[in-house]
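Per-entry structural report
What follows is each chain in one-letter form.
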Amino acid sequence: MSHPAGDNPIGEELLELIQRRLSESTLTFHTTLPAKRARYADWPEWVLPGLKEEVMDGGIGKLYAHQAELAECTWQGRDAVISTGTSSGKSLGYQLPILTRLAEDQTACALYLTPTKALGSDQLQSALELCRGIPELKNVVPAPYDGDTPQESRTGVRDHSRLVFSNPDMVHMSMLAAHARWARVLRHLEFIVIDECHSYRGVFGANVALVLRRLLRLCRHYGSRPTIIYASATMNDPARHAERLTGRPAHAITEDSAPTGARTVTLWEPGFLEGAEGEHGAPVRRAATTEA
């Protein structure tokens, strides 16, 4: 399939080079997705002034429309799932309502869950930087609570942190198994962020769904009803997936309003390995990872 000349000159040039370099492989399809301009929205009036100033000082002068929609939905106490592109600013969309609420209510707490430590560490660092520069957020004390958290630090996290970064395994093993120790957090839990929620599929997803439902049941026991925010860059039916995880409906935000450049997308069929034979003498193709 061809695409208009000049839409993405660099992509077209790279594609020609690849085809010459790997002439024994087959380009089965290609197209160019056009560039897209950003769509912006006004800052919500309720955002903590110091938080807005800190974000703007960091170089973000405007909110994308999907960020503002997520922030407003979450601020109103409605569960929401956002599924937009990688690096489209999803985290800022839920940081604004969460940190503003934590500043307004000095007892309010939030729980951030992620399947990977690297992602959780990035989000923790972002929260630490924001809280460090805003007087109203000095006592939020964002902190990790996972398998690498030293035993001597865990009591401090349970007793003092109002923004806990963890994972489903630790929720199962610690927060649910010894929920009396977590009574302060559970009683005042306002938000639960489930990041990379597309990871929770199959048997693993079923296990996580049960953990989340037990967590929500304990929240009800202690008198809280946290708003749930789900985030993912890759989901087919985000609202349905979110409801499967917790049993609660969620508002889906899927229109990405961040800007993108033109992208050339190809489907590539690797060539055959010379002299290699598979079952019954069938030819063997090069591995897709090797070809990439």
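So, here is what we can say about the structure in this document. Here the structure is a predicted model, which means the values were calculated and not measured. (Residues numbered from 1 in each chain as written. Predicted model: local features only at pLDDT ≥ 70, side-chain atom pairs only at ≥ 80, totals over all residues. Heavy atoms only, no water.)

1. Let's talk about the sheet that holds strand S8 (residues 189–194)
With respect to topology, 7 strands assemble into an open sheet ordered S6-S7-S5-S8-S9-S4-S10, the strand pairing being parallel. Each end of this open sheet is capped by a strand with a single partner; those strands are strand S6 (143–144) and strand S10 (251–253). By the bridge criterion, 3 bridges tie strand S4 (residues 80–83) to S10 in an arrangement that is parallel. Following the sheet pairing, Ile 82 is matched in S10 by Ile 253. (Pairing = 2+ DSSP bridges. Helix = DSSP H or I, 4+ residues; strand = E, 2+ residues; numbered from the N terminus.)

2. Here we look at empty space enclosed by the protein
Empty pockets left among the atoms are what a rolling probe the size of a water molecule brings to light. In total, this model carries 1 cavity of 30 Å³ or more according to the counting rule given. Put simply, the largest cavity is a space of about 90 Å³. Forming the boundary of the largest cavity are Tyr 94, Gln 95, Ile 98, Leu 99, Tyr 112, Gln 123, Ala 127, Leu 163, Phe 165 and Val 193. For the lining of the largest cavity, the elements supplying multiple residues, two or more each, are helix H4 (90–104), helix H5 (117–132) and strand S7 (163–166). With 4 residues, the single largest contributor to the lining of the largest cavity is H4. Across the lining of the largest cavity, the residue classes break down as 8 nonpolar, 2 polar and no charged. (1 Å grid on protein atoms, 1.4 Å probe; cavity = no way out; pocket = protein on both sides within 12 Å on 5 of 7 lines; lining within 4 Å. Points joined across faces, edges and corners; volume = space filled by probe spheres on them. Nonpolar A, V, L, I, M, F, W, Y, C, P; charged D, E, K, R; others polar.)

3. Describing the nonpolar core
By size, the foremost hydrophobic cluster in this structure holds 38 residues, and its most contacted members are Leu 51, Tyr 94, Leu 96, Ile 98, Leu 99, Leu 137 and Leu 163. Ranked by the residues each element gives to this core, the list is headed by H4, at 7 residues. In terms of nonpolar packing, the next biggest core, distinct from the first, is built from 36 residues, Cys 109, Leu 176, Trp 182 and Ala 250 among them. (Core = buried A, V, L, I, M, F, W, Y, C linked by side-chain atoms within 4.5 Å. Buried < 20%, exposed > 50% of the residue type's maximum accessible area, 1.4 Å probe, protein only.)

Function cannot be read off these values alone, since they describe shape.
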